[in-house]
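Single-letter residue listing:
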Amino acid sequence: MPRWRSLWVFFALLFVSGLALAQRDLGTVTGTVTDATGAAVPNAKVTITNIATGVSYDTVTTGAGAYTRPALNPGTYTVTVQAPGFQKAQQSNVIVNPGTPVAVDLTLQVGEATQTVEVTASAPLLQTETPALGANLNTSQVTELPLGGQRVFTFLARLTPGVLTAEPGARGAQGGDFSANGVRSTGENNFLLNGVDNNVN
């Protein structure tokens, strides 16, 4: 294979892998649009707007009334849905975090499109969009809360529900080892840095 072709393949793979890693820092809004009877509303226009920047992203619902918009920067969004013959529905203060999809289901009421129904909803008690267990830590938690007397990143994991300190007498107890949701701390934790293995055996 000519050298220039090898270089081209190398840079193409580097570009694709960079895009894949970037997706880990982005969030997703997904949901279902129905009418007052519970029937799906296909081809409804869904507009997702970043409140801080004003940037909007459009998508449409499928025949089953479902929609998904990935690759959203973390932030607070407004989700607006419009369909012919229905009032506009809107839900504000939708918080998008990296990695974890957030569900925004909206119900459209029959009426003029010039009318808007503002939906106020609290966070769901059960996360059904992903089987992963985890938490997102904000700047205040990272910079201000005590981390066991040392600035070791593994102590941050202990701020997450379901995470406990390592078992008594465990080799890495002083270094921040932890037990997550019942899994033993002795070699059972797997660390990734930007999607790449970051473990020391």
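Thresholds applied
- Within each chain, residue numbers correspond to sequence positions counted from 1 in written order.
- For this predicted model, a pLDDT threshold of at least 70 governs which residues receive local features, and a threshold of 80 or more governs which side-chain atom pairs are given and counted, while totals over whole chains, interfaces and linings are taken from all residues.
- Processing note: side-chain calculations cover all non-hydrogen atoms of the structure and skip hydrogens and water entirely.
- Here a strand is any run of E in DSSP of at least two residues, a helix any run of H or I of at least four, and the numbering for each starts at the N terminus.
- Here's how the labels work: a residue is buried when its accessible area is under 20% of the maximum for its type, exposed when over 50%, partly exposed in between, all with a 1.4 Å probe on protein chains only.
- It only takes one pair of heavy atoms within 4.5 Å for two residues to be counted as in contact.
- The Shrake-Rupley method, run with a 1.4 Å probe, gives the accessible areas here. Residue values count only the displayed protein chains as cover.
- Here, the term nonpolar core denotes a set of buried Ala, Val, Leu, Ile, Met, Phe, Trp, Tyr and Cys residues that are joined through side-chain atoms within 4.5 Å.
- This count recognises Lys and Arg as positive and Asp and Glu as negative, with His and chain-terminal groups excluded.
- Counted as salt bridges are all cases of a side-chain nitrogen of Lys or Arg within 4 Å of a carboxyl oxygen of Asp or Glu.

A. Fine view of the overall build of the protein chain. Secondary structure summary: the protein chain contains two helices and 13 strands in total. Taking all 201 residues of the protein chain together, the buried fraction comes to 27%. Taking contacts inside the protein chain between residues at least 6 apart in sequence as the whole, the part at least 24 apart equals 51%. For the protein chain, the exposed area adds up to about 13100 Å²; of that, 57% sits on carbon and sulfur atoms.

B. Looking closely at the environment of A39. Relative to the helices and strands, A39 is located in the loop between strand 1 (27-35) and strand 2 (45-50). The contacts of A39, once residues within four sequence positions are left out, are V33 and T34.

C. Geometry of the environment of I48. Here I48 is to be found in strand 2. Judged by relative accessible area, I48 falls into the buried class, the value being 0%. Separated by 24 residues in sequence, I48 and L72 place their C-alpha atoms 9.3 Å apart.

D. Representation of the nonpolar core. Of all hydrophobic cores here, the largest spans 20 residues; its most connected members are V29, I48, Y67, V79 and L108. At the level of elements, strand 1, strand 2, strand 4 (66-72), strand 5 (75-82), strand 6 (88-96) and strand 8 (106-108) are the ones that each hand at least two residues to this core. Beyond its immediate stretch of four places on either side in the chain, V29 contacts I48, Y67, T68, R69, L72, V79, V96, V102 and V104.

E. Main features of the side chain of R69. Within the secondary structure, R69 is located in strand 4. Despite being buried, R69 has no salt bridge partner; D58 is the closest side chain of opposite charge, sitting 8.2 Å away. With near-sequence residues (within four places) excluded, R69 lies in contact with G27, T28, V29, I48 and Y57.

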